[in-house]
Amino acid sequence: MKITQIETVILKDIPRGIWVRVHTDSGHIGLGETWYTPRGIAGIIHELFAPILMGQNPLDIERHWKDMFQLANAMGSGGAEIRAISALDIALWDIAGQAMEQPIYRLMGGACRERIRIYNTCSVRGKDGGQVFTQSEKLAESFLNEGITAIKVVLTDHLADVGYGYDFRAKDLSAAVAPLEKMRRAVGKDLEIAHDGHGKFSLTNAITVARAMEDYDLLWQEELLQPVNVETHLRLKQATRTPICGAERLQTRYQFRDYIERGAIDYVMPDLVWTGGISEVKRIATLAETYQLPLCPHDSVGPVNLFACAHVCMNVPNAALMETVRDVYQGWYRDIVEPPIPIEQGYLRAPEEPGLGARLKESVWERDDLVVETSDADHLAPLQWPGFRSQQRPDSVS
């Protein structure tokens, strides 16, 4: 089996998303996805990675990941390059599952479970620019009625947006925290509540925010700080009794390593389509398990990510929770992929079809905002990187 074509698919009405399809001479087509800077990622896929993947066996996933990662880091690069690797890695796993007629998690070693509990991320932006929950009691009850037993709220972004997180007033913090009191009064501890700070605060104010919410017994505090300094995360963790979650902004096991080994985080939250795909999240999960830490993958970035994360969560022993956003998986996610994402009564179930278990809907190809770019044997950007060994692979097809 050989890779014959790589497509990138962008929809202008979904300006941050990009999908990748890897075609083979056997007729199998693998689907991948990533999020943010889609035009830049498309360029990376076609200019950097298509030349070293074309003509190769798609089942050599480990080798392809390593070669793409080496090429991406030839000039110290990260960011969009790792997102591109993530999308291609998902697509290669999809091909492998289809070829072997098994769901991906079976190829990863089988299932530790048949479903994973979900939590829902939600925020409501008020007219004044602050994020508020005007009907927080009803919101909490609505999730419990659907069998969802945990949520994540965003309450403090507006406090940090004015002074880069270095200055806010105590009365404003009290108002921001007030919805927690309402939700606890309405549903008690039947609903677990986490909080996301979106990496906006200074260390001093991150500690202030964490301590102001401690009495509400939060599931975790997530990204009150940007994950750029493990020492400040340690100081935050030492200053609050609330567990610390991090962090979707970290890319690959190499960035997660210090935070895990130094004990700076209690919950490990990689974003599969940002950090290196299925292959790398499996490695991060194993690293986290070595330190007896739970894995809680991130999602607000597209439907393929949820399917890919489902496979990882079925397979790894330390998967604890899966992030979801009800508004999008019941909304635009349904416009892009089929079958529907298998969420029932607060759980994400194992996909049942071979491979990823998802494909782009036929209606995607009829959209007016569709932009497709293709690399194949006749349309392949030359890779001018002297000395990079993958240009001279002995099994390359000329």
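Refer to the preceding data block for the structure.
My aim in this report is to walk through the structure given alongside it, one point at a time.

Considering the overall build of the protein
Part 1 of the reasoning: Tallying secondary structure elements over the protein gives 15 helices and 15 strands in all.
Part 2 of the reasoning: In summary, the protein has a C-alpha radius of gyration of 21 Å against a globular reference of 21 Å for 398 residues, a match within 12%.
Part 3 of the reasoning: Principal axes of the C-alpha set define a box for the protein whose edges measure 70 × 40 × 40 Å.
Part 4 of the reasoning: The buried share of the protein, reckoned over its 398 residues, is 57%.
Part 5 of the reasoning: For the protein, the proportion of contacts with a sequence separation of at least 24, taken over those separated by at least 6, is 73%.
Part 6 of the reasoning: When the 41 positive and 54 negative side-chain charges of the protein are each reduced to one mean point, those points stand 5 Å apart.

Some words on the packing of aromatic side chains
Part 1 of the reasoning: Going through the model one piece at a time under the given rule, you end up with nine aromatic pairs.
Part 2 of the reasoning: When the ring of Trp332 is compared with that of Tyr333, the centres are 4.8 Å apart and the planes differ by 85 degrees; the resulting orientation is edge-to-face.
Part 3 of the reasoning: For Trp332, a relative accessible area of 23% gives the class partly exposed.
Part 4 of the reasoning: An aromatic cluster is present here, built from Trp35, Tyr36, Trp274, Trp332 and Tyr333 joined pairwise through their rings.
Part 5 of the reasoning: Here the basic side chain of Arg115 rests over the ring of Tyr347, its NZ or CZ set 3.6 Å away from the ring centre.
Part 6 of the reasoning: Over the face of the ring belonging to Trp65 we find Arg283, whose NZ or CZ atom lies 4.7 Å from the ring centre.

Re helix H12 (residues 277–290)
Part 1 of the reasoning: Its 14 residues place the ends of H12 20 Å apart at the C-alpha level, agreeing with the 20 Å of an ideal helix rising 1.5 Å per residue.
Part 2 of the reasoning: A large share of H12 lies buried, amounting to ten of its 14 residues.
Part 3 of the reasoning: Burial in H12 covers these residues: Gly277, Ile278, Ser279, Glu280, Val281, Arg283, Ile284, Ala285, Leu287 and Ala288.
Part 4 of the reasoning: One or two steps after H12, the chain reaches Gln292, where phi turns positive at roughly 55 degrees.

Observations regarding the pattern of salt bridges
Part 1 of the reasoning: Using the criterion set out here, one finds 25 salt bridges in the structure.
Part 2 of the reasoning: Residues Arg117 and Glu192 are paired through a salt bridge, measuring 2.9 Å at the closest nitrogen-oxygen approach. Of this pair, Arg117 sits in strand S4 (residues 115–122) while Glu192 sits in strand S6 (residues 192–196), and the two are 75 residues apart along the sequence.
Part 3 of the reasoning: One salt bridge connects Glu223 with Arg249, and the closest N-O pair in it is separated by 2.9 Å.

Notes on helix H5 (residues 136–145)
Part 1 of the reasoning: Taken as a whole, H5 has its buried residues at Ser136, Leu139, Ala140 and Phe143. The arc that holds every buried residue of H5, seen down its axis, measures 95 degrees, which confines them to one face. Facing away from the buried surface of H5 by more than 90 degrees, the exposed residues are Lys138 and Asn145.
Part 2 of the reasoning: Where H5 is buried, its residues touch S4, strand S5 (150–153), helix H7 (170–187) and helix H14 (326–329).

Remarks on the sheet that holds strand S3 (residues 29–35)
Part 1 of the reasoning: The antiparallel open sheet is built from four strands, whose spatial order is S3-S2-S1-S15. Of all the strands in the sheet, just S3 and strand S15 (370–376) have a single pairing partner and so form its edges. Each strand axis lies, on average, 20 degrees off the axis of its neighbour in the sheet, ignoring direction.
Part 2 of the reasoning: Relative to S3, strand S2 (residues 17–24) is paired through seven bridges, and the arrangement is antiparallel. If you follow Arg21 over to S3, its bridge partner there is Leu31.
Part 3 of the reasoning: Its contacts with the sheet put helix H1 (residues 38–53) on strand S1 (3–11), S2, S3 and S15, and the angle it makes with S1 is roughly 180 degrees.
Part 4 of the reasoning: Where helix H3 (residues 80–100) meets the sheet, it contacts S1, S2 and S3, and its direction lies at approximately 155 degrees from that of S3.

So, the environment of Leu236
Part 1 of the reasoning: Its location among the elements puts Leu236 in helix H9 (residues 230–239).
Part 2 of the reasoning: Classification of Leu236 as buried rests on a relative accessible area of 2%.
Part 3 of the reasoning: When neighbours within four sequence positions are excluded, Leu236 is seen to be in contact with Leu203, Ala206, Ile207, Ala210, Leu224, Leu225 and Ile244.

Section: unusual backbone geometry
Part 1 of the reasoning: For the peptide bond that leads from Gly246 to Ala247, omega is -25 degrees, which places it in the cis range.
Part 2 of the reasoning: As for its position among the elements, Ala247 is in the loop between strand S8 (244–246) and helix H10 (252–261).
Part 3 of the reasoning: Backbone geometry at Glu101 places phi at a positive 55 degrees, although glycine is not the residue there.
Part 4 of the reasoning: Inspection of the secondary structure puts Glu101 in the loop between H3 and helix H4 (104–107).
Part 5 of the reasoning: On the accessibility criterion, Glu101 (61% relative accessible area) is exposed.
Part 6 of the reasoning: The phi angle at Glu223 is positive, at roughly 50 degrees, despite the residue not being glycine.
Part 7 of the reasoning: Position of Glu223 relative to the elements: it lies in the loop between strand S7 (221–222) and H9.
Part 8 of the reasoning: We classify Glu223 as buried; its relative accessible area is 3%.

Reading the values: rules and limits
- Residues numbered from 1 in each chain as written.
- Predicted model: local features only at pLDDT ≥ 70, side-chain atom pairs only at ≥ 80, totals over all residues.
- Heavy atoms only, no water.
- Helix = DSSP H or I, 4+ residues; strand = E, 2+ residues; numbered from the N terminus.
- Rg over C-alpha atoms; globule rule 2.2 N^0.38 Å.
- Buried < 20%, exposed > 50% of the residue type's maximum accessible area, 1.4 Å probe, protein only.
- Contact = heavy atoms within 4.5 Å.
- Lys, Arg positive; Asp, Glu negative; His and termini not counted.
- Charge placed at Lys NZ, Arg CZ, Asp CG, Glu CD.
- Phe/Tyr/Trp six-rings, centres within 6.5 Å; stacked < 30°, edge-to-face > 60°.
- Lys NZ or Arg CZ within 6 Å of the ring centre and 35° of its normal.
- Expected span 1.5 Å × (residues − 1).
- Salt bridge = Lys/Arg side-chain N within 4 Å of Asp/Glu carboxyl O.
- Arc of directions from axis to C-beta.
- Pairing = 2+ DSSP bridges.
- Axes fitted to C-alpha atoms, helices over the stretch in contact; angles between N-to-C directions.

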